[in-house]
Amino acid sequence: MEDSLIRTFLEIYQSFPEVYSSAPGRINIIGEHTDYNLGYVLPSAIHLRTFFLAARRKDRKVRVWANNFNQEQSFSIDKLDSCGNKGWIDYLEGIYWVLKRRGASLDGIDALVHGNVPLGSGLSSSAAYEVSVINALDHLCDLKIAPLEMAKLAQKAENDFVGVQCGLMDQFVSVFGQKNRAVFLDCEKLEFVHIPLRLDKERLGILVYDTGVRRELASSEYNKRRLESAQALKVLKKSGVKNYKHLTLHSLRKRGGDLKGELFKRARHVVTENQRVQEAVFALQKDDFEKLGALLFQSHESLRDDYEVSCPELDLLYECGKRFPDCLGARLTGAGFGGSGIALVKKEKIPAFKQMLLDKAKQQGYPQPAFYEVAVGEGKKIHK
Ligand code: GLA
């Protein structure tokens, strides 16, 4: 892979890249829709990555070849334009935009981007892309950006330039991920620890089930959930609650008397999900994968019934998971409304589980799903 990308770069630009950066996509093991609610998340980086190769130019032009699309686009550093929907170039332009606002002195570049994180699948191909670019520019222009700032700047580019209101989780794990470890992050304090995932010990694998459902409405529904959970918190704050992280289901019931219907359900999801993340960390510390699996199922139920971000194709994964004896747990991962789910399955039984899902999806007339058996990969890196 690495050599072939360098060869392609050489063919296009007749020179070698000065920097070769990459960053991973992610799965979220548990802790969904809790990042922007300043709670807990437990994602891990995966082996699928985005690669970004670049060399400085003498002018202010940024010219980039998107290898997956066989397409070239360019822009000028002096005319960054967020008027949107230009597609994949926006993410790169967005990184230039945040760095420029930070006062960085930036060079024009010739670049090549290549990704193997499937697009639109809920595995954070966008965070992988953003982090691979900012990591490359940091190296190339000697910007000395600390890792946490790198994640925050990448998120800002996506929020304010590309216009997607994501939380910090995806960019954070793309920067800080470690091989065979999940990242337990407190999104209020921005403190984190790496939690070992000793899946091999129990001969377990993580299967990603990509529903093939790509919903345009995902981002507007995502923003709606953000508003609803903020609205519910506003009500809770009147009775002295600082944020969701400090509540239990019991105290939510006591203090959330004014919360009705949907708003109560949104709050209940966030509160119980924060607790599940902490329980998942305890379970992993004891290699208790049965317990972890049970928490995954509960998380899905809460996302389906209380936060209402599932869809029939993702529910199918949950239902098959419940019926398949060697699946310990399954849930949607990421924002929901389509995209992907994850399942914790005995390694040797993964082919049979895949077949079950394929058959059931076909019977229901759902799009044909794709599967990825993911390894827990490492965060951003510069290839030497
Ligand atoms: C998307 C966002 C994340 C997070 C998840 C839901 O992946 O990018 O910040 O909010 O949805 O947990």
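To be clear, the structure that these remarks concern was listed above.
Residues numbered from 1 in each chain as written. Predicted model: local features only at pLDDT ≥ 70, side-chain atom pairs only at ≥ 80, totals over all residues. Heavy atoms only, no water.

### With respect to the packing of helix H10 (residues 312-323) against helix H11 (residues 350-364)
Logical step 1: Running from N to C, H10 and H11 point in directions that differ by 135°, and their axes come no closer than 10 Å. It follows that H10 is oblique to H11 by the angle criterion. The chirality of how H10 crosses H11 is right-handed. Here Leu316, Leu317, Cys320, Gly321 and Arg323 of H10 come into contact with H11, specifically with Phe353, Met356, Leu357, Lys360, Ala361 and Gln364.
Logical step 2: Considering only residue class, the contact of H10 with H11 consists of 7 nonpolar, 2 polar and 2 charged. (Axes fitted to C-alpha atoms, helices over the stretch in contact; angles between N-to-C directions. Helix = DSSP H or I, 4+ residues; strand = E, 2+ residues; numbered from the N terminus. Parallel < 35°, antiparallel > 145°, perpendicular 65-115°, else oblique. Left-handed = near helix turned anticlockwise from the far one by under 90°. Contact = heavy atoms within 4.5 Å. Nonpolar A, V, L, I, M, F, W, Y, C, P; charged D, E, K, R; others polar.)

### Quick word on the packing of aromatic side chains
Centre distance and the angle of the planes are the two values used to describe a pair of aromatic rings.
Logical step 1: Inspection of every chain in the model, using the stated rule, returns 14 aromatic pairs.
Logical step 2: Between the aromatic rings of Tyr20 and Phe51, the centroid separation amounts to 6.3 Å while the plane-to-plane angle is 90°, which identifies the pairing as edge-to-face. Taken together, the residues span a long stretch of sequence, with Tyr20 in strand E1 (residues 19-30) and Phe51 in strand E2 (residues 40-56) at a distance of 31 residues.
Logical step 3: Judged by relative accessible area, Phe51 falls into the buried class, the value being 7%.
Logical step 4: Between the aromatic rings of Trp97 and Phe161, the centroid separation amounts to 5.6 Å while the plane-to-plane angle is 45°, which identifies the pairing as tilted. On the criterion of sequence distance, the pair formed by Trp97 in helix H2 (residues 89-101) and Phe161 in helix H4 (residues 147-162) is long-range, its members being 64 residues apart.
Logical step 5: Each member of the aromatic cluster is reached from another via a ring pair, and the members are Phe172, Phe176 and Phe192.
Logical step 6: Geometry around Tyr318 places Arg304 over its ring, the cationic atom sitting 5.1 Å from the centre.
Logical step 7: Directly above the aromatic system of Phe297 lies the positively charged group of Lys322, at a separation of 4.8 Å from the ring centroid. (Phe/Tyr/Trp six-rings, centres within 6.5 Å; stacked < 30°, edge-to-face > 60°. Buried < 20%, exposed > 50% of the residue type's maximum accessible area, 1.4 Å probe, protein only. Lys NZ or Arg CZ within 6 Å of the ring centre and 35° of its normal.)

### Some remarks on the site of the ligand
Logical step 1: Surveying the vicinity of the ligand reveals the residues Arg26, Glu32, His33, Asp35, Tyr36, Cys166, Gly167, Met169, Asp170, Tyr222, Gly334 and Ala335.
Logical step 2: Here Gly167 contributes a backbone N or O atom positioned 2.8 Å from an oxygen atom of the ligand.
Logical step 3: A distance of 2.6 Å is found between an oxygen atom of the ligand and a side-chain nitrogen or oxygen belonging to Tyr222.
Logical step 4: Taken by itself the ligand offers 310 Å² of open surface, and the protein chains cover 92% of this. (Near = heavy atom within 4 Å. Polar contact = N/O pair within 3.5 Å; in protein donor to acceptor, adjacent residues only side chain to side chain. Areas by Shrake-Rupley, 256 points an atom, 1.4 Å probe, with all protein chains shown as cover.)

### As for the layout of surface pockets
Logical step 1: There is about 210 Å³ of room inside the second largest pocket.
Logical step 2: Surrounding the second largest pocket, 13 residues form its lining, Asn180, Leu199, Asp200, Lys347 and Ala375 being those nearest its centre.
Logical step 3: Counting only elements with at least two residues in the lining of the second largest pocket, the list comes to strand E8 (204-210) and strand E11 (370-374).
Logical step 4: Considering each element in turn, the lining of the second largest pocket owes the most residues, 3 residues, to E8.
Logical step 5: Of the residues contributing to the lining of the second largest pocket, the split by class is 7 nonpolar, 2 polar and 4 charged. (1 Å grid on protein atoms, 1.4 Å probe; cavity = no way out; pocket = protein on both sides within 12 Å on 5 of 7 lines; lining within 4 Å. Points joined across faces, edges and corners; volume = space filled by probe spheres on them.)

### Observations regarding empty space enclosed by the protein
Logical step 1: This model, assessed by the stated rule, comprises 1 cavity of 30 Å³ or more.
Logical step 2: For the largest cavity, the calculated volume is near 60 Å³.
Logical step 3: Along the walls of the largest cavity sit Ile29, Leu197, Leu199, Ile206, Leu292, Leu296, Ile342, Ala343 and Leu344, which together make up its complete lining.
Logical step 4: At the level of secondary structure, the elements contributing two or more residues to the lining of the largest cavity comprise helix H9 (289-305) and strand E10 (340-346).
Logical step 5: Top contributing element to the lining of the largest cavity by residue count: E10, with 3 residues.
Logical step 6: Counted by class, the lining of the largest cavity contains 9 nonpolar, no polar and no charged residues.

### Observations regarding the sheet that holds strand E9 (residues 327-333)
Logical step 1: Overall, antiparallel pairing links the 4 strands, which are arranged E9-E10-E8-E11 in an open sheet. With partners counted over all chains shown, the strands left at the sheet margins are E9 and E11, one partner each. Strand-to-strand twist in this sheet, taken as the mean axis angle between neighbours without regard to direction, amounts to 25°.
Logical step 2: Pairing of E8 with E11, which is carried by 5 bridges, proceeds in the antiparallel orientation. (Pairing = 2+ DSSP bridges.)

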